[in-house]
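Coordinates in review
So the chains spell out like this:
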Amino acid sequence: MSTEYICPHCKQLINDDEALLCLYCGQSLNRGIGFMGKLKYPAHKIVIIVIVVLVLVSFMILMIK
């Protein structure tokens, strides 16, 4: 089952479900890469969120003991 996607830059039809870049103009297709992809290629926002969550969890564990 193939889903078609139109490039927001050059308006060409893309038939590749997993393409992140346009085959014709090379621009980003602005598709989400999912949670695991974000962990593999972390953005600064994701790294900060993970650090804050770890600090909060470690603080809670420390207060329980």
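Since we're looking at a predicted model, the values are computed, not measured. (Residues numbered from 1 in each chain as written. Predicted model: local features only at pLDDT ≥ 70, side-chain atom pairs only at ≥ 80, totals over all residues. Heavy atoms only, no water.)

What about the overall build of the protein chain?
Definition in use: Runs of E in the DSSP output that reach at least two residues are strands. Runs of H or I that reach at least four are helices, and both are numbered from the N terminus. Remark: exposure states derive from per-residue accessible area (1.4 Å probe, protein chains only) relative to the maximum for the residue type, with buried under 20%, exposed over 50%, and partly exposed in between. Any two residues whose heavy atoms approach within 4.5 Å are treated as being in contact. Only the protein chains shown count as cover for residues, and all accessible areas are computed by the Shrake-Rupley method using a 1.4 Å probe.
When its secondary structure is counted, the protein chain shows two helices and two strands. Out of the 65 residues belonging to the protein chain, those deemed buried represent 9%. Counting contacts in the protein chain only where the partners sit at least 6 residues apart, residues at least 24 apart contribute 4% of the total. Surface accessibility of the protein chain: about 5800 Å² in total, with carbon and sulfur atoms responsible for 68%.

Some words on the confidence of the model for the protein chain
Basically, it comes down to this: Predictor confidence is given residue by residue as pLDDT, running from a minimum of 0 to a maximum of 100.
Looking at the protein chain, pLDDT values average 81 and 77% of them are 70 or higher. The lowest-confidence element of the protein chain is helix H1 (residues 34–40), averaging 61 in pLDDT; the highest-confidence one is helix H2 (residues 44–64), averaging 91.

Let's talk about unusual backbone geometry
Even without being glycine, Lys11 reaches a positive phi, approximately 60°. Tracing the backbone through its elements, the reader meets Lys11 in the loop between strand E1 (5–6) and strand E2 (13–14).

A short note on the environment of Leu13
Along the polypeptide, Leu13 turns up in strand E2. Residues Leu13 and Leu23, 10 residues apart in the sequence, show an inter-C-alpha distance of 9.3 Å. Contacts of Leu13, omitting those with residues within four sequence positions, involve Glu4, Tyr5, Ile6 and Tyr24.

Some points on a nonpolar patch on the surface
Operational definition: Distance thresholds for patches are 9 Å for like charges and 5 Å for nonpolar side chains (Val, Leu, Ile, Met, Phe, Trp, Tyr), applied to residues having over 30% relative accessible area and no salt bridge. The salt bridge criterion pairs a side-chain nitrogen of Lys or Arg with a carboxyl oxygen of Asp or Glu, the two atoms within 4 Å.
Together, Ile49, Val53, Val57 and Ile61 line one region of the surface with nonpolar side chains, adding up to about 320 Å² of accessible area. Considering the arrangement of structural elements, one finds Val53 in helix H2.

Focus on the environment of Ile14
One can find Ile14 in strand E2. Overall, Ile14 belongs to the buried group, its relative accessible area being 1%. Separated by 15 residues in the primary sequence, Ile14 and Leu29 have C-alpha atoms spaced 9.5 Å apart.

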